[in-house]
Amino acid sequence: MASAPSVVLYLACSLDGFIAAPDGSVGWLEAFSRDGEDYGYAGFLAGVGALVMGSRSYEQALGSGAWPYADLPCFVLTSRTLPTPDGADIRFRPGDDLEAVAAEARTAAGSRAVWLFGGGVLARSMLDAGVVDTLDLALMPVLLGDGIPLFVAGLRPHGLALRESRTHANGVMQLRYSVRGAE
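One structure accompanies this document, and this report is about it. (Residues numbered from 1 in each chain as written. Predicted model: local features only at pLDDT ≥ 70, side-chain atom pairs only at ≥ 80, totals over all residues. Heavy atoms only, no water.)

The phi torsion at Tyr-39 lies on the positive side, around 55°, for a residue other than glycine. Note on placement: Tyr-39 falls in the loop between β2 (18–20) and α1 (41–46). On the basis of relative accessible area, Tyr-39 is assigned to the buried category, the value being 10%. (Helix = DSSP H or I, 4+ residues; strand = E, 2+ residues; numbered from the N terminus. Buried < 20%, exposed > 50% of the residue type's maximum accessible area, 1.4 Å probe, protein only.)

Written as structure tokens, this is what we have:
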């Protein structure tokens, strides 16, 4: 019997633990893409079959021009009515049953991974619901000083097991962890 697709929290974070500036912008990451290195993003995205994101991440993605995930089902956790880009497979769901949303996203992903795309609140909620299998983190050599934290207050303790690590010449460290209990 085939195993269920992994739910992967995949994101970049400053050394002081922030995933975005206080206004939600991620422009600080541009300095790390100037050398043409994608840090494995294209390969990761090729293995993604569905996305789960919060409404704020969805709105930010909407504001970046053409919908970048047109060929993937995207589950957006929200109770609000939000616009849907033409041709996009957007499925709005309330955030009250994260296990059901994860199961639906796993089914939609087929044999590929589910990308948990979002901020600290979504990460905490999904981790605490026990549906995250892997944490894929790019630790960026920059201190933002303030911003949106990777993990917000209230996160329960979770054991992690390091599966892979890679250091790039510019100081970026990529870390892949299995969430204990999800291995």
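Let us keep going from here.
For helix α4 (residues 120–128), the set of buried residues is Gly-120, Leu-122, Ala-123, Met-126, Leu-127 and Asp-128. Just downstream of α4, Gly-130 is the residue with a positive phi angle, here 80°.

Side chains that differ in sign of charge can pair as their charged atoms come close. Counted under the stated rule, the structure contains 6 salt bridges. When the shortest N-O distance is used, the salt bridge between Glu-59 and Arg-80 registers 3.0 Å. Placement of the pair is Glu-59 in helix α2 (residues 55–62) and Arg-80 in the loop between β4 (73–77) and β5 (89–93), with a sequence separation of 21 residues. According to the relative accessible area criterion, Glu-59 is partly exposed, its value standing at 33%. Here Arg-80 falls in the partly exposed class, since its relative accessible area comes to 40%. (Salt bridge = Lys/Arg side-chain N within 4 Å of Asp/Glu carboxyl O.)

It is worth spelling out the nonpolar core at this point. Leu-9, Val-52, Leu-116, Met-126 and Val-132 are the most contacted members of the largest nonpolar core, which totals 28 residues. When contributions to this core are tallied by element, the ones reaching two or more residues are β1 (7–14), β3 (48–54), β4, α3 (98–109), β6 (113–117), α4, β7 (134–140) and β10 (173–179). At 5 residues, α3 tops the list of elements feeding residues into this core. Once you skip the residues sitting within four places of it in the chain, Leu-116 turns out to touch Val-7, Val-8, Leu-9, Tyr-10, Val-52, Leu-122, Ala-123, Met-126 and Val-132. (Core = buried A, V, L, I, M, F, W, Y, C linked by side-chain atoms within 4.5 Å. Contact = heavy atoms within 4.5 Å.)

Turning our attention to the pairing of β7. Most of β7 sits inside the fold, with 7 of its 7 residues counted as buried. Because side chains alternate across β7, one face comprises the buried residues Thr-134, Asp-136, Ala-138 and Met-140, and the other comprises Leu-135, Leu-137 and Leu-139, equally buried. Bridging between β1 and β7 involves 7 bridges; their strand directions are parallel. When the bridges of β7 are listed, Leu-9 appears paired with Leu-135. Pairing of β7 with β10 involves 6 bridges; the strand directions are antiparallel. Residue pairing for β10: Thr-134 is matched across the bridge by Ser-178. (Pairing = 2+ DSSP bridges.)

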